[in-house]
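Remarks on the overall topology
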Amino acid sequence: MRMNRRSFLAAGLAAAAGSVAGKAQAGETGSGQAVVGGEVVLATLLDLSKCIGCGACVEACREANAHKYPEPVKPFPKMYPAKVKAADWSDKRDVDDRLTPYNWLFIQTASGTYDGEPFELNIPRRCLHCQNPPCANLCPWGAASKDGRGIVSINDEICLGGSKCKSVCPWHIPERQTGVGLYLKLAPSLAGNGVMYKCDRCKDRIAAGGIPACVEACPEGVQTIGPRDEILAQARKLAEETGGFLYGDTENGGTNTFYVSPVPFDVLNQAVEKGPGKPHLASVANPFTTEDTLARAVYAAPLAGLAAGVLHLVRGATSEDGNE
Amino acid sequence: MNNRALNLVFRLTVFALLFTGFAQMPIFARYYLADVPGFAWTADYHLNHVLHYGLAVVLLALLGWRLPLALRRRWSASAVLAALCWAGIAITGLVRVMKNQPDAFFSPTLVMWVDWTHLGFVMLLGLVILARVLAARRKAA
Ligand code: SF4
Ligand code: SF4
Ligand code: SF4
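Residues numbered from 1 in each chain as written. Chains lettered and ligands numbered in written order. Predicted model: local features only at pLDDT ≥ 70, side-chain atom pairs only at ≥ 80, totals over all residues. Heavy atoms only, no water.

1. What to know about the domain arrangement of chain B
Residues and elements named next belong to chain B. As far as domains go, chain B holds domain 1 (1–73) and domain 2 (74–141). Measuring from the centre of the C-alpha atoms in domain 1 to the corresponding centre in domain 2 gives 14 Å. At the interface, 14 residues of domain 1 touch ten residues of domain 2. The junction of domain 1 with domain 2 conceals about 890 Å² of combined surface from both sides, 74% of it contributed by carbon and sulfur atoms. Area buried by domain 1 at its contact with domain 2 is led by Tyr53, Leu60 and Arg73, which between them contribute 43% of it. In this assembly, domain 1 and domain 2 are joined by zero salt bridges. On inspection of domain 1 and its partner domain 2, the count reaches three residue pairs in polar contact (both at pLDDT 80 or more). Residue assignment for the side of domain 1 that touches domain 2 shows that the elements contributing at least two residues are α1 (3–22) and α2 (45–71). (Domains from an automatic or database assignment. Contact = heavy atoms within 4.5 Å. Buried area = accessible area lost by both parts, 1.4 Å probe. Salt bridge = Lys/Arg side-chain N within 4 Å of Asp/Glu carboxyl O. Polar contact = N/O pair within 3.5 Å; in protein donor to acceptor, adjacent residues only side chain to side chain. Helix = DSSP H or I, 4+ residues; strand = E, 2+ residues; numbered from the N terminus.)

As structure tokens, this is what we get:
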């Protein structure tokens, strides 16, 4: 845990307020300025060889984020067409063996043999905070977005619960709760279906100079958080030194979560239980290569059109018919 | 290409942009369009996203092409309003493309407003065009 704190301090991010980390930081830089002035993209490293599956992180997450959990209004408004189903976890808040709107982190287990040796590994699973997050890029309503620290979060005040973020997330991380949110004030029968929830990297704690609850609570120091470059270098080094494997550095075009495991991830992926709320560990290609290339054409198009239009005029072209 | 052909391309592009734009919302699957044989692609977010980008290239080039010509015309109040809508749609669209670049980030509040105004300008433009068409009809009658 000390190591985690220290590396976080190195990020120059901790503000003066409250926490032990914050005070130490205040001593070093004199103020909480670093938070305001220099936002650094944060990443976490999870050393899976250390995780004992105790679930302290899951408990801590639930405690730290309970105030963000949905309190749905019942009965839910009737939705049309009838095939649109409500998603209700409000009576199953205790479920902690998968992702739900009330459980943003769970421990997946994988056991089997690799290289003739038996293994059993525990894998804390949550949103990976992608660098180019499909959930946020494709949200049509501006409810999901990525901030300057690389934290991807969903604004529960405007999310309509259409679940598009879940469909386009390669791991289908966000989970829906019906009966809450803005859609209730619009046309609840015809559009929307609640609000989507997932890990927000404890952004309120980070903004206050702290670290995520799950990182802090772990008795084994499984997670380390800090600036992405440093954490990635650390993850690569760890993988190299231990002959381990890395997941999350290139997945989905790059994420801010790096898992290092002594067992290859395709083996782990075979071994873990997958299904609703239980994401896979398969490799994921960058989904936006086409868009990233097209973006250049989008920027150039108006200028190219304008240049052609001016040339056309200069060459003495005549009238144009008046259509917008 | 003559003006008539350009106009046709323009109209088809706008229609396709409207369609792929609305396909960004989870409505085509909910309201059975995607169940119609041959229309499953309407619920494919990634495909419609790429199409929307490609069509935006065509639209932005055409708008750029028209700008110098349009500036030489006399402007009615409704034409000014329509032009403002086009500018608004183009600018908010460009900002959306920028924020989708891997190394970019915009504040969540800005992202929300850009998304909402993009949609808002489209609705407003629809109203303006409708009003202009109705006015032109009344004049002709
Ligand atoms: S893991 Fe899924 S929910 Fe999390 S940022 Fe990536 S796409 Fe979004
Ligand atoms: S970062 Fe915060 S919200 Fe995310 S899993 Fe950890 S405790 Fe939960
Ligand atoms: S608290 Fe640490 S050791 Fe316990 S399950 Fe979570 S990551 Fe693993």
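Once you've had a look at it, read on.
2. Thoughts on the packing of helix α3 (residues 77–99) of chain B against helix α4 (residues 108–140) of chain B
Residues and elements named next belong to chain B. The geometry of α3 relative to α4 is characterised by a closest axis approach of 8 Å and an angle of 150° between their N-to-C directions. Between α3 and α4, the interaxial angle falls into the category roughly antiparallel. Crossing of α3 against α4: the hand is left-handed. Among the residues forming the contact of α3 with α4, the class breakdown is 15 nonpolar, six polar and four charged. (Axes fitted to C-alpha atoms, helices over the stretch in contact; angles between N-to-C directions. Parallel < 35°, antiparallel > 145°, perpendicular 65-115°, else oblique. Left-handed = near helix turned anticlockwise from the far one by under 90°. Nonpolar A, V, L, I, M, F, W, Y, C, P; charged D, E, K, R; others polar.)

3. Considerations on the environment of A:Ser163
Residue and element names in this part refer to chain A. Along the chain, the position of Ser163 falls in the loop between β5 (152–154) and α6 (164–168). Given the relative accessible area of 13%, Ser163 is considered buried. Note: C-alpha distance between Ser163 and Ala110 (53 residues apart in sequence) is 28 Å. In this structure, Ser163 is in contact with Arg176 and Met196, ignoring residues within four places of it in sequence. (Buried < 20%, exposed > 50% of the residue type's maximum accessible area, 1.4 Å probe, protein only.)

4. Considerations on α1(B)
For α1(B), built from 20 residues, the straight-helix expectation of 28 Å at 1.5 Å per residue is met to within 8% by its first-to-last C-alpha distance of 28 Å. At its buried positions, α1(B) is contacted by α2 and α3 of chain B. (Expected span 1.5 Å × (residues − 1).)

5. Structural notes on helix α11 (residues 289–314) of chain A
All names here are of chain A. The terminal C-alpha atoms of α11 lie 38 Å apart, and with 26 residues this matches the ideal 38 Å at 1.5 Å per residue to within 8%. Bending of α11 peaks at approximately 35° at the position of Ala300, with proline Pro302 no more than four residues after it. Here α11 has its buried residues at Glu291, Asp292, Ala295, Val298, Ala301, Gly305, Gly309 and Leu313. The positive-phi residue at the C-terminal boundary of α11 is Gly316, with phi of around 80°. (Bend = angle between axes of the 7 residues up to and from the residue.)

6. A look at the site of ligand 1
Neighbouring residues of ligand 1: 13 residues in total, closest A:Cys127, A:Leu128, A:Cys130, A:Cys135 and A:Cys169. The residue inventory of the shell around ligand 1, partitioned by class, reads eleven nonpolar, one polar and one charged. (Near = heavy atom within 4 Å.)

7. Comments concerning the site of ligand 2
Neighbouring ligand 2 are the residues A:Cys61, A:Asn65, A:Trp104, A:Leu105, A:Arg126, A:Cys199, A:Asp200, A:Arg201, A:Cys202, A:Pro212, A:Ala213 and A:Cys214. When contributions to the shell around ligand 2 are tallied by element, the ones reaching two or more residues are α4 (56–65) and α8 (213–217) of chain A.

8. Notes on unusual backbone geometry
Negative phi characterises most residues that are not glycine, and trans characterises most peptide bonds. Residues and elements named next belong to chain A. Along the chain, Lys74 connects to Pro75 via a cis peptide bond; the corresponding omega equals -5°. Tracing the backbone through its elements, the reader meets Pro75 in the loop between α4 and β2 (106–114). With an omega dihedral of -15°, the bond running from Tyr80 to Pro81 counts as a cis peptide bond. Here Pro81 shows up in the loop between α4 and β2. Of note, the phi angle at His129 is positive, near 55°, even though the residue is not glycine.

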